[in-house]
Amino acid sequence: MVLCSLTLATSLPASTTAYWRLEEGINGSDVTAAVDSSGNGFGQSSRGGSPKYSDNVPGAYIFDPVSGLTSPNTLSLDASVANSRIRTVNDAAFNTSFTAEMFIQLTGEPASYHSFMRRVGSNTHRWQIDFDHGA
């Protein structure tokens, strides 16, 4: 089972590019419209597999050091079904340095390669965070 909450924030100045709190759903329901809570319009554009909302979270609250706010944390993304993922639009806002923050819970070791977060882009705009037995 893979559960994650994602946050992307630019490094200079300290402003938020996008973040998905995943609080708009119901435990066990399909993630079909994850909202970008930053207000910048990078909500879910599509999905793959069967991502679900889950009430399995790393803590009851999340503190945002940029805004200084503490928010309830009630849902996460359950990506335990193979190839489950959400996508957002490809935008130039992601062509800069930023911090990616997420909590990932693995129950058992992935059997092989598993990508947790990636950007398919050209040249230096391509990256991914993954687990890979082979490399």
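Look above for the structure.
What comes next concerns the included structure. Predicted model, so just to flag it, every value in this text is computed and none were measured.

**Let's talk about the overall build of the protein**
Secondary structure summary: the protein contains zero helices and eleven strands in total. Along the chain direction, N to C, the helices and strands of the protein fall in the order β-β-β-β-β-β-β-β-β-β-β. Looking at the protein residue by residue over its 135 residues, the buried ones come to 27%. Nonlocal contacts in the protein, meaning residues at least 24 apart in sequence, comprise 54% of its contacts between residues at least 6 apart. Looking at the protein as shown, the accessible area adds up to about 7,900 Å², and 53% of this sits on carbon and sulfur atoms.

**Considerations on the environment of A111**
Along the polypeptide, A111 turns up in the loop between β9 (98-106) and β10 (114-119). According to the relative accessible area criterion, A111 is exposed, its value standing at 78%. Separated by 20 residues in the primary sequence, A111 and F131 have C-alpha atoms spaced 9.7 Å apart.

**Focus on a positive patch on the surface**
A cluster of like positive charges, contributed by R85, R87, R118 and R126, occupies part of the molecular surface. Locating R87 in the fold gives a position in strand β8 (residues 85-87). The exposure class of R87 is partly exposed, given its relative accessible area of 35%.

**Section: the packing of aromatic side chains**
Applying the stated criterion across every chain, the model contains one aromatic pair. Seen in terms of ring centroids, F42 and F94 are 4.9 Å apart; in terms of plane orientation they differ by 55°. Their pairing is tilted. In this pair, F42 is assigned in the loop between β2 (16-20) and β3 (46-48) and F94 in the loop between β8 and β9, connecting sequence segments 52 residues apart. Given a relative accessible area of 7%, F94 falls into the buried group.

**Side note on the side chain of Q44**
Position of Q44 relative to the elements: it lies in the loop between β2 and β3. Engagement of the side chain of Q44 in a polar contact is seen with the backbone oxygen of S46, the distance being 3.5 Å. Ignoring anything within four residues of it in the chain, the contact list for Q44 reads W20, V31, T32, A33, A34, I86 and R87.

Calculation criteria
Residues numbered from 1 in each chain as written. Predicted model: local features only at pLDDT ≥ 70, side-chain atom pairs only at ≥ 80, totals over all residues. Heavy atoms only, no water. Helix = DSSP H or I, 4+ residues; strand = E, 2+ residues; numbered from the N terminus. Buried < 20%, exposed > 50% of the residue type's maximum accessible area, 1.4 Å probe, protein only. Contact = heavy atoms within 4.5 Å. Areas by Shrake-Rupley, 256 points an atom, 1.4 Å probe, with all protein chains shown as cover. Patch = residues over 30% accessible without salt bridge, like charges linked within 9 Å, V, L, I, M, F, W, Y side chains within 5 Å. Salt bridge = Lys/Arg side-chain N within 4 Å of Asp/Glu carboxyl O. Lys, Arg positive; Asp, Glu negative; His and termini not counted. Charge placed at Lys NZ, Arg CZ, Asp CG, Glu CD. Phe/Tyr/Trp six-rings, centres within 6.5 Å; stacked < 30°, edge-to-face > 60°. Polar contact = N/O pair within 3.5 Å; in protein donor to acceptor, adjacent residues only side chain to side chain.

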